[in-house]
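Descriptive analysis of the structure
Below, each chain spelled out in residue letters.
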Amino acid sequence: MSSESIHHGQQGVAAASSHDLHEEHHHHHGEESFISKYVFSQDHKMIAKQFLITGMIWAIIGGLFSVIFRLQLGYPEMTFPFLEDIFGKWAVGGRISNEFYYALVTMHGTILVFFVLTAGLSGTFANFLIPLQIGARDMASPFLNMLSYWFFFLASVIMFSSLFIQTGPAAGGWTIYPPLSALGQASEGSKLGMDFWLVSMAMFIVSSLLGGLNYISTILNMRTKGMTMTRMPLTIWAIFFTAVLGVLSFPVLLSGAILLLFDRNLGTSFYLSEIVVKGEILPNEGGSAILFQHLFWFLGHPEVYIILMPALGMVSEVMSVNSRKPIFGYLAMVGSLFAIAILAFLVWAHHMFVTGLNPFLGAFFVLLTLLIAVPSAIKVFNWLTTLWRGNLRFTPAMLFAIGFVSLFISGGLTGIFLGNSTLDIHLHDTYFVVAHFHIVMGVASFFGMFAGVYHWFPKMYGRYMNNTMAYIHFWVTLVGAYLIFWPMHYAGLAGMPRRYTDYSNWHSFNMFADMNRFISTVAMIVFAVQLLFVFNFFYSIWKGRKVTTKNPWGSNTLEWTTPIRPGHGNWPGEIPEVHRWPYDYGKDGRDYISQIEPIGEGESHH
Amino acid sequence: MSGYFILAILALAFLVTFQIAKASEYVSVLKGEEKTFQQNNRINAFLFIVFLVLGLIGAWWCNDLFFKKTLLAHPAASDHGEKIDKMLWLTLGVTGLVFFLTQILLFWFAFKYQYTEKRKAYYFAHSNKLELIWTVVPAIFLTLLVGLGLFYWFKITGDAPKDAQLVEITGKQFNWMMRYPGKDGVFGRKNYRLTDASNGNALGVDWEDGSSHDDLESTEMHLVVNKPVQLVINAQDVIHDVGLPHFRMKMDAVPGIPTTLWFTPKYTTAKMKEITGDKDFVYEIACDQMCGSGHYSMKGLIIVETQEEYDKWIATQKPQYLTVKAAQTEASPKVVADTLKTTAVPASAKPIAQNTQH
Ligand SMILES: [Cu+2]
Ligand SMILES: [Cu+2]
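Because the structure is predicted, anything quoted here is derived from the model rather than measured.

Criteria and cut-off values
- Per-chain numbering applies: the sequence of each chain, read as written, is numbered from 1 onward.
- Chain A is the first chain written and ligand 1 is the first ligand written, with later ones labelled in order.
- Per-residue local features of the predicted model are confined to residues with pLDDT of at least 70, and side-chain atom pairs are confined, for both listing and counting, to 80 or more; whole-chain, interface and lining totals are unaffected and use all residues.
- Calculation of side-chain values draws on the structure's entire complement of heavy atoms; hydrogens and water are dropped beforehand.
- Helix numbering and strand numbering both begin at the N terminus, where a helix is a DSSP run of H or I of at least 4 residues and a strand a DSSP run of E of at least 2.
- Here the globule rule is a power law, 2.2 Å times the number of residues to the power 0.38, and the radius of gyration is based on C-alpha atoms.
- Throughout, a residue-residue contact means that at least one pair of heavy atoms, one from each residue, lies within 4.5 Å.
- Every accessible area reported is derived by Shrake-Rupley at a probe size of 1.4 Å, with residue values counting cover from the shown protein chains alone.
- By the counting scheme adopted, Arg and Lys are positive, Glu and Asp are negative, and His together with the chain ends is not counted.
- For the purpose of locating charges, the reference atoms are NZ of Lys, CZ of Arg, CG of Asp and CD of Glu.
- Each metal site lists N, O and S donors within 2.8 Å (3.2 Å for Na, K and Ca). With water left out of the atoms, a site can look as if it is missing ligands.
- Only two sets of limits are used to name each site, 85 to 135 degrees for every angle of a tetrahedral four-donor site, and over 155 degrees for opposite donors with all other angles from 65 to 115 for a square planar four-donor or octahedral six-donor site, with any other site named irregular.
- Using a 1.4 Å probe on the protein chains alone, a residue whose accessible area is under 20% of its type maximum counts as buried, one over 50% counts as exposed, and one in between counts as partly exposed.
- Here the expected span of a helix is defined as 1.5 Å times the quantity of residues minus one.
- Throughout, buried area stands for the accessible area (probe radius 1.4 Å) lost by two parts on being put together, summed over both.
- Salt bridge, as applied in this entry: a Lys or Arg side-chain nitrogen positioned within 4 Å of an Asp or Glu carboxyl oxygen.
- Where each domain begins and ends is defined by an automated method or by a domain database.
- Under this definition, polar contacts are N or O atom pairs within 3.5 Å; protein pairs additionally need one hydrogen-donor-capable and one acceptor-capable atom, and for neighbouring residues in sequence, both atoms have to be side-chain atoms.
- Here is the rule: rings of Phe, Tyr and Trp (six-membered ring for Trp) pair when centre to centre is within 6.5 Å. Planes less than 30 degrees apart are stacked, more than 60 are edge-to-face, and the remainder are tilted.
- Note on criteria: charge over ring means Lys NZ or Arg CZ within 6 Å of the ring centre, with the direction from the centre no more than 35 degrees off the ring normal.
- For patches, a residue must show more than 30% relative accessible area and have no salt bridge; joins then use 9 Å for like charges and 5 Å for nonpolar side chains, namely Val, Leu, Ile, Met, Phe, Trp and Tyr.
- Every axis corresponds to a line fitted to the C-alpha atoms, with the helix fit spanning only the stretch in contact, and the corresponding angles, defined between N-to-C directions, vary from 0 to 180 degrees.
- Here roughly perpendicular refers to angles of 65 to 115 degrees, roughly parallel to angles under 35, roughly antiparallel to angles over 145, and oblique to all remaining angles.
- Polarity classes work like this: nonpolar for Ala, Val, Leu, Ile, Met, Phe, Trp, Tyr, Cys and Pro, charged for Asp, Glu, Lys and Arg, and polar for all others, with Gly in that last group.
- Side-chain atoms within 4.5 Å are what join buried Ala, Val, Leu, Ile, Met, Phe, Trp, Tyr and Cys residues into a set we call a nonpolar core.
- Paired strands are those between which DSSP finds at least two bridges.

So, on to the overall build of chain B. From N to C terminus, chain B includes nine helices and 10 strands. A globule of 358 residues ought to have a C-alpha radius of gyration of about 21 Å, yet chain B, at 31 Å, is considerably larger. A separation of at least 24 residues holds for 69% of the contacts in chain B among residues at least 6 apart in sequence. Within the structure as shown, chain B displays about 17,900 Å² of accessible surface, and the carbon and sulfur contribution to it stands at 65%. Averaging the coordinates of the 35 positive side-chain charges in chain B and doing the same for the 35 negative ones gives two points 8 Å apart.

Residues and elements named next belong to chain B. Every protein donor of the copper ion (ligand 2) is accounted for by His240 (ND1), Cys287 (SG), Cys291 (SG) and Met298 (SD), and the metal-donor separations fall at 2.1 to 2.5 Å. Relative to the metal, the four donor atoms surrounding the copper ion (ligand 2) lie at angles of 87 to 124°, and the coordination shape comes out tetrahedral. Site description for the copper ion (ligand 2): donor spacing in sequence, H-x46-C-x3-C-x6-M. Pair noted here: histidine 240 is in strand S6 (residues 240–244) and methionine 298 is in the loop between strand S9 (283–287) and strand S10 (299–305), with a separation of 58 residues, a long-range link. Judged by its relative accessible area of 0%, histidine 240 is buried.

Residue and element names in this part refer to chain A. When the terminal C-alpha atoms of helix H13 (residues 373–387) are compared, their 21 Å separation across 15 residues agrees well with the 21 Å that a helix rising 1.5 Å per residue should span. Counting buried residues in H13 gives 15 out of 15 residues, a clear majority hidden from the surface. Of the residues trailing H13, arginine 389 is marked for its positive phi of about 55°.

Opposite the 127 residues of chain A that make contact, chain B presents 110 residues. Of the roughly 10,600 Å² buried between chain A and chain B on both sides combined, carbon and sulfur atoms contribute 70%. Counting every contact that joins chain A to chain B gives three salt bridges. Linking Glu33(B) and Arg545(A) is a salt bridge whose minimum nitrogen-to-oxygen distance equals 3.1 Å.

Residue and element names in this part refer to chain B. Under the domain assignment, chain B is made up of domain 1 (28–115 + 125–157) and domain 2 (165–340). The C-alpha-based centres of domain 1 and domain 2 are spaced at 43 Å. Taken residue by residue, the interface counts 15 residues in domain 1 and 15 residues in domain 2. Overall, the association of domain 1 and domain 2 removes approximately 1,300 Å² of surface from exposure, summing both partners, and the carbon and sulfur fraction of that is 60%. One can count two salt bridges joining domain 1 with domain 2. As a salt-bridge pair, lysine 266 and glutamate 82 come within 3.1 Å of each other at their nearest N and O atoms. Where domain 1 packs against domain 2, one counts eight residue pairs in polar contact (both at pLDDT 80 or more). Going through the elements one at a time, helix H3 (79–112) and helix H4 (128–157) are the ones with two or more residues in the side of domain 1 that touches domain 2. Among the elements that make up the side of domain 1 that touches domain 2, the one with the highest residue count is H3 (six residues).

Within this structure, the stated rule accounts for 96 aromatic pairs over all chains. Centroid distance Tyr431(A) to Tyr503(A): 6.3 Å. Interplanar angle 65°. Geometry classified as edge-to-face. Of the two residues, Tyr431(A) is situated in helix H16 (residues 431–461) and Tyr503(A) in the loop between helix H17 (467–493) and helix H18 (513–543); the sequence distance between them amounts to 72 residues. The same class applies to Tyr431(A) as to Tyr503(A), namely buried. Aromatic pair Phe474(A) and Trp475(A): ring centres 4.8 Å apart, planes at 75°, arrangement edge-to-face. The exposure classification of Phe474(A) matches that of Trp475(A), with both residues buried. The ring centre of Tyr122(B) lies 4.0 Å from the NZ or CZ of Arg389(A), which sits over that ring.

Right, let's talk about unusual backbone geometry for a bit. Looking along the chain, the bond that leaves Pro178(A) and enters Pro179(A) is cis, with omega of 5°. Structurally, Pro179(A) can be placed in the loop between helix H7 (142–162) and helix H8 (192–221). For the bond running from Gln173(B) to Phe174(B), omega is -10°, close enough to zero to count as cis. Mapped onto the elements, Phe174(B) comes out in the loop between strand S1 (165–172) and strand S2 (175–180). A positive phi is found at Glu274(A), a non-glycine position, where the angle reads about 50°. Residue position: Glu274(A) is located in the loop between helix H9 (234–265) and strand S1 (276–277). In this structure Glu274(A) comes out as partly exposed when scored by relative accessible area, which is 33%. The backbone of Arg324(A) shows a phi angle near 55°, a positive value even though the residue is not glycine. Here Arg324(A) is to be found in the loop between helix H10 (289–323) and helix H11 (330–344).

A word on a nonpolar patch on the surface. All names here are of chain A. On the surface, Ile258, Phe262, Leu266, Phe270 and Leu291 cluster together to form a nonpolar patch covering roughly 410 Å² of accessible area. Structurally, phenylalanine 270 is set in the loop between H9 and S1. Since its relative accessible area comes to 32%, phenylalanine 270 is described here as partly exposed.

This part covers the packing of helix H12 (residues 359–371) of chain A against H13(A). All names here are of chain A. Two numbers describe how H12 lies on H13: the axes approach to 5 Å, and their chain directions differ by 10°. Regarding the angle of H12 to H13, the classification is roughly parallel. Facing H12, whose interface residues are Thr369, Leu370 and Leu371, H13 presents Ala373, Val374 and Pro375. When grouped by side-chain class, the residues that make up the contact of H12 with H13 number five nonpolar, one polar and no charged.

This part takes up the pattern of salt bridges. Opposite charge on two side chains makes pairing possible when the charged atoms of those side chains draw close. All names here are of chain A. With the rule as written, the count across this model stands at 24 salt bridges over all chains. Close ionic contact of arginine 580 with glutamate 603 constitutes a salt bridge, the shortest N to O distance being 2.7 Å. Remark: glutamate 603 occurs in the segment after strand S4 (590–592) and arginine 580 occurs in the loop between H18 and strand S3 (585–587); sequence separation between them is 23 residues. Each member of the pair, arginine 580 as well as glutamate 603, carries the same accessibility label: buried. Several salt bridges converge on common partners, so that one network encompasses Arg580, Asp584, Lys587 and Glu603.

Further remarks concern the environment of Ile416(A). Mapped onto the fold, Ile416(A) is located in helix H14 (residues 396–418). For Ile416(A), a relative accessible area of 11% translates into the label buried. Expressed as a C-alpha distance, the spacing of Ile416(A) and Ala373(A), which sit 43 residues apart in the sequence, is 7.4 Å. Look past the residues within four positions of Ile416(A) in its chain and what remains in contact with it is Leu370(A), Ala373(A), Thr91(B), Thr95(B), Leu142(B) and Leu145(B).

What follows covers the coordination of the copper ion (ligand 1). All names here are of chain A. In the first shell of the copper ion (ligand 1), the protein supplies His301 (ND1), His350 (NE2) and His351 (NE2), at 1.8 to 2.0 Å from the metal. In terms of primary sequence, the donors binding the copper ion (ligand 1) are separated according to H-x48-H-H. Here histidine 350 lies in the loop between H11 and H12 and histidine 301 lies in helix H10, a separation of 49 residues in the sequence. Judged on exposure class, the residue histidine 301 and its partner histidine 350 are both buried.

Let's shift gears to the nonpolar core. Ranked by internal contacts, the top residues of the largest apolar core, which has 294 residues, are Phe114(A), Trp383(A), Phe404(A), Met221(B), Leu231(B) and Leu244(B). The greatest single-element share of this core, amounting to 23 residues, is contributed by helix H6 (residues 98–134) of chain A. A domain split of this core shows at least three residues from each of domain 1 (28–115 + 125–157) and domain 2 (165–340) of chain B. Contact partners of Trp383(A), with chain neighbours within four places excluded, come to Leu312(A), Val315(A), Ser316(A), Met319(A), Ile327(A), Met333(A), Phe404(A), Val405(A) and Phe408(A). Counting residues in each nonpolar core, the second largest holds six residues, with Met177(B), Val205(B), Tyr321(B) and Val324(B) among its members.

Structurally, Thr430(A) can be placed in the loop between helix H15 (421–427) and H16. Overall, the relative accessible area of 0% leaves Thr430(A) in the buried class. Those residues in contact with Thr430(A) that sit more than four places away from it in its chain are Gly492(A), Gly495(A), Met496(A), Pro497(A), Arg498(A) and Lys250(B).

Residue and element names in this part refer to chain B. Strand order in this open sheet of five strands is S3-S2-S1-S5-S8, and the pairing throughout is mixed. Each end of this open sheet is capped by a strand with a single partner; those strands are strand S3 (216–218) and strand S8 (259–263). Between one strand axis and the next, the sheet turns through 25° on average, direction left out of account. With five bridges connecting them, strand S5 (residues 229–235) and S8 associate as antiparallel partners. Bridging across to S8, glutamine 230 finds its partner in tryptophan 262.

As structure tokens, this is what we get:
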């Protein structure tokens, strides 16, 4: 099994392999055991599906958590006895306890940010698309790739078990700022649950490093003949920058997490100084709680681009295919991804304008943060121009791509408020922030992911997902996302702080009770519709309409030159050679020209 | 009971949707895929336009409903707040323009360029001129926003005026404690190891430092209208945040690292009641940094009043040192003698005398 995979790896590098070898390998794969095919698989396509399905399970859990805490926020005066049946002491009398509320909020954030939108999104599409779109038989190291999934699985198991600890899982917010997260006395969630969180994240970081290094080396070294960097689809560019960001920033979070583990368990004082907690005077002196925030946000900011960039790439690809037009400004699209990736490293302290950061230093972070709006604007206008005079096919993937652009605009523009330190003083940690990042990195990235799933589902399973359910899924989610998050901006402009269990005792904020009830109701409907998507996904794996042609979307990229259900190794014969960029749609009167077609005699230049 | 009812309805809705979805797939096979595709395409294109129109109406309606509940509906209660509101309006204007322009184009294009057999997509791969335009124009607007933003930022974070009133605010799970420097204008030294709430020293003041003897401690913050105030911000256990929505100010309270902010309150609490038309109006301090299970209840009060009202209030306050001393004398004279020997022997009588003299 493993020698077979190494064998593929070498073939990929050589980019040339004989037919004999391939018949042999097909024969071999026919006998593959269940374990090596579905569990400890080294086929990048299977690993992608493992990431996707694990991510979906996490998304259901994380989403359900938000539904539960929205019950408390929307209906603070009501009791829900069934909650006590399920959660026992965490919901005595059918009311969510404060500790439980904060545990739910923390887990919701952690799960969605890391386990769903990092592992579930990049893990899935980096694994699935890199070899298929650059013309390789598998990743540079299929074995490390498999390990990457299993470290993610281990991280998942640890995080999931932390839900069952007697003192509960971590409850200090997904940003786990010390000293709150360092002191068990300060919060139930900072007891054993926090150690589980940190160890789980350490495993997660290992997973993401193994994956990231693999993605980078595969993209750099294993492209098929003719696939120059500037002929790569934008998906691959986006995934490439995502991987670079992850590899350079995740280790910093790892160091931050390890120091926190030391402070918690070994009596060090990296983050602790002059603390009196619940009347107890602690001996720690000389640490800095702010140090952790620097370490955290050095990953935390790039992290939002790690989440968003694969979506940027997939949306560009899906939009071009379904507009039957080239993506407008390919090089500008690559350039803006590059600019966003570079800037991502230089803006972390915009999360810290009100921590007592030196105002002079803050000024640079304002400048660099608002600079991000320039490449973002380029992307938006390029997408708009891609749609302009196209011939648009509204496949479910295309709907989500267009929805993505709408959300990216809405959420991106509010970033201009928050990145400006003067306004951040007022808006920091209010619902304005909640609205901003949920729209631009939460829902928008989900839209990118949905676009990807609907678009590449036929390649994954050889079947289509059901269109009617997909349309319902899209329209309810788009409308719901705006109904949930648009009004939150107003609460933010009223200064309403985030992460409050209950606003009824606040004269300044209690006028939003109706709004909260409305948001909670919509959130439940939107959650139910996501279940419809999950149902559609699994139903279609077995019962979906069968794909009958190799290239159902009329697409130029290489994955559509493989058989309908490609085996391990992707192409039964030689890997095709690439002769052109991937966006020749509608050129010289032709609907599309695949990347593998040589440049014709009298073909025009673009 | 109603829970099961809702579940049953949900399951039913699911089933119906699923049956319709399945049926529509069969119909599409009967009608021909091409025809179904075109029909679906038209429906979705139409829905995009509907979404745009309803979205714009919805945005207007939402604004109508909620704007008056935001702080922008009334003037900011501090000088810094006025600057921040100005910046906010400018940013709202610029981003609002871009928002409507791009969203309308997006959904309009989606509708207008929907698939028809007649049209061929226009091969348009790039245009340096266009790309230059939408690099430069946003850059110019951003320069404006950054420039003005930083101008205000340095004003707001600059040094407080010399005559600013000093107030110390300390956060702990889950309340705020205030301290006033008293007549000498200097806070007494603190040492966190001396913290002893049960003996009246919740802040860990070092009574050996004579300047602590006239310091006042309070649970509310009293400020004088039109007089600049500088807050010295501390935290004892975890990070908190002094959030002052009406003054548009905010600053973290970090254990071990004191921070500050300053502003000038412009309206007394009474005046604010008039301005907002809300007879129950109060200036609330909201903790804006997740600090544990009681985070949502960590509230403080600020009372902004005229100089006379403030003077009247401060006259009723007794220095914490005296309270502590009195309590100790009452409890056990011997112990007091001991503790005072180690803590405040040289200054035990003097500062009190000073207080009465001034
Ligand atoms: Cu950031
Ligand atoms: Cu607090």
